[in-house]
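Architecture and fold: a report
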Amino acid sequence: MADSATQDASKPADTSTTTQPAVQPDTTASEANADATLPSEAVSYVDPCQIPCTSLSTSSAHLLRLVPCSGAHLNIPEYDEDGNKLTKRQRRAIKKDLIWEARAGERKEKRRQERQRRRAKRNAKAAELGPEAVIRRYTLMSDPKALPLRVCIDLDFEEYMGTKDRKKLAKQVRRCYAENRKLTQPLQYHLTSNTGLIKGELDRGHIDNCDIHSSAKHYTECFSKDDIVYLSSESENVLQDLDMSKVYVIGGLVDHNIHKGLSHARALGHGVQHARLPIAEYIELGSRHVLTVNHVFEILLQWTVHRNWEKAFFDVLPTRKEPAPKRSKDEADQIKAEKQRKVGSTHVGNDSHAEKPPSAFGSDWSCQLS
């Protein structure tokens with residue numbers, strides 16, 4: 001006993017403090033509150049490693065490891081892997097990405113059910129019409145009912161457009177196709193110079209599967225020059241009627257009117273006929289007469305339906321163009337005279353101070369200036 005006491009007394013006293021473990025963020029309470037709302041079934045886990053990186057935003061892709069998921073409920077962590085507290089925006093981004101991925105199967109099932117519903121509807125209609133009936137939702141250009149009138153969009157303006165403008169042009173080209181297929185008597189829709197970056201934009205919309213005559217050649221190589229009529233707002237020739245034997249070419253250019261007169265200059269350079277739509281002869285616009293590609297195409301479509309330019313313009317032109325009926329010459333002269341009278345009275349009111357005699361400023365105004 002004495003020896004053990006002596007040994008205990010001979011040990012030096014340990015004065016060093018015990019190192020405490022680093023305090024970690026306490027998420028027990030928040031997890032408990034979140035788990036309180038979970039249903040009683042087993043909780044499944046979504047492994048972000050199995051989620052494609054392209055589906056996750058840059059701000060949230062590196063924050064995920066394992067996030068519990070139960071149906072539509074997601075328990076989003078409050079801290080990232082480094083112990084830093086996530087902001088509300090980061091948590092919302094994580095939740096949005098995981099919900100999108102978790103519902104992928106549900107969206108796929110809905111699309112499958114929609115296809116089955118449409119197929120059943122078509123089969124029922126076919127059964128009513130008979131076994132030899134062919135049901136088409138639109139009329140093909142090869143159908144005998146289709147018109148022989150040819151409308152071509154010249155895509156040879158790639159160097160004058162940026163990425164955004166090329167995307168807008170591709171959207172307008174697809175819009176023309178959608179409007180043409182609605183008619184029971186569609187036009188012969190052509191695309192020429194369909195190469196390069198423009199073709200890349202159009203291929204994203206699977207334009208090759210559409211009922212369109214597409215070619216990589218120039219329009220002068222696809223059609224006879226005697227049949228070509230290039231539509232341009234700068235042309236002095238007014239288009240009165242549409243000739244079914246002609247080819248009406250629309251310049252496929254989206255440049256916000258930066259390159260003025262480019263389509264007209266190209267038509268003159270290639271030695272083809274040119275004309276403009278009779279806009280000024282039938283209606284009045286509150287803005288410039290330069291129209292988009294799909295608007296010009298739709299106006300030609302509507303003319304073939306109604307054979308009336310005025311109705312075609314009012315059916316197609318948007319309200320921002322402020323289309324109005326054409327006034328008579330007397331009404332136009334009266335409105336012009338009224339505007340000039342108002343402008344003249346405004347100038348008189350502004351110049352009344354300058355017409356005052358010197359006495360109006362006081363008798364000694366010249367002395368004060370000297």
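Note that the structure is predicted; figures quoted are calculated from it, not measured. (Residues numbered from 1 in each chain as written. Predicted model: local features only at pLDDT ≥ 70, side-chain atom pairs only at ≥ 80, totals over all residues. Heavy atoms only, no water.)

Our focus in this paragraph is the confidence of the model for the protein. Overall, the prediction assigns the protein a mean pLDDT of 77, with 69% of residues at 70 or greater. Between residues 1-72, whose pLDDT stays under 50, and residues either more than four places distant or in other chains, the model counts 62 contacts. (pLDDT = per-residue confidence, 0-100. Contact = heavy atoms within 4.5 Å.)

Before going further, it helps to spend a moment on the environment of Cys222. Assignment of secondary structure puts Cys222 in helix H8 (residues 219-222). Residue Cys222 is classed as partly exposed on the basis of its relative accessible area, which comes to 32%. C-alpha of Cys222 to C-alpha of His190: the two residues are 32 residues apart in sequence and 9.8 Å apart in space. Contacts of Cys222, omitting those with residues within four sequence positions, involve Thr192, Ser215 and Lys217. (Helix = DSSP H or I, 4+ residues; strand = E, 2+ residues; numbered from the N terminus. Buried < 20%, exposed > 50% of the residue type's maximum accessible area, 1.4 Å probe, protein only.)

On the basis of which strands lie adjacent, the open sheet formed by six strands has the order S6-S5-S4-S8-S7-S9 and parallel pairing. A strand with exactly one partner marks an edge of an open sheet, and here the two such strands are strand S6 (213-214) and strand S9 (273-275). Relative to strand S8 (residues 247-251), strand S4 (residues 150-154) is paired through five bridges, and the arrangement is parallel. Along S8, the bridge assignment pairs Cys152 with Val249. Against the sheet, helix H6 (residues 163-182) makes contact with S4 and strand S5 (188-192), and its axis sits at roughly 165° relative to S5, the strand it touches most. Sitting on the sheet, helix H11 (residues 293-306) touches S4, S5, strand S7 (228-231) and S8, and the angle it makes with S8 is about 160°. (Pairing = 2+ DSSP bridges. Axes fitted to C-alpha atoms, helices over the stretch in contact; angles between N-to-C directions.)

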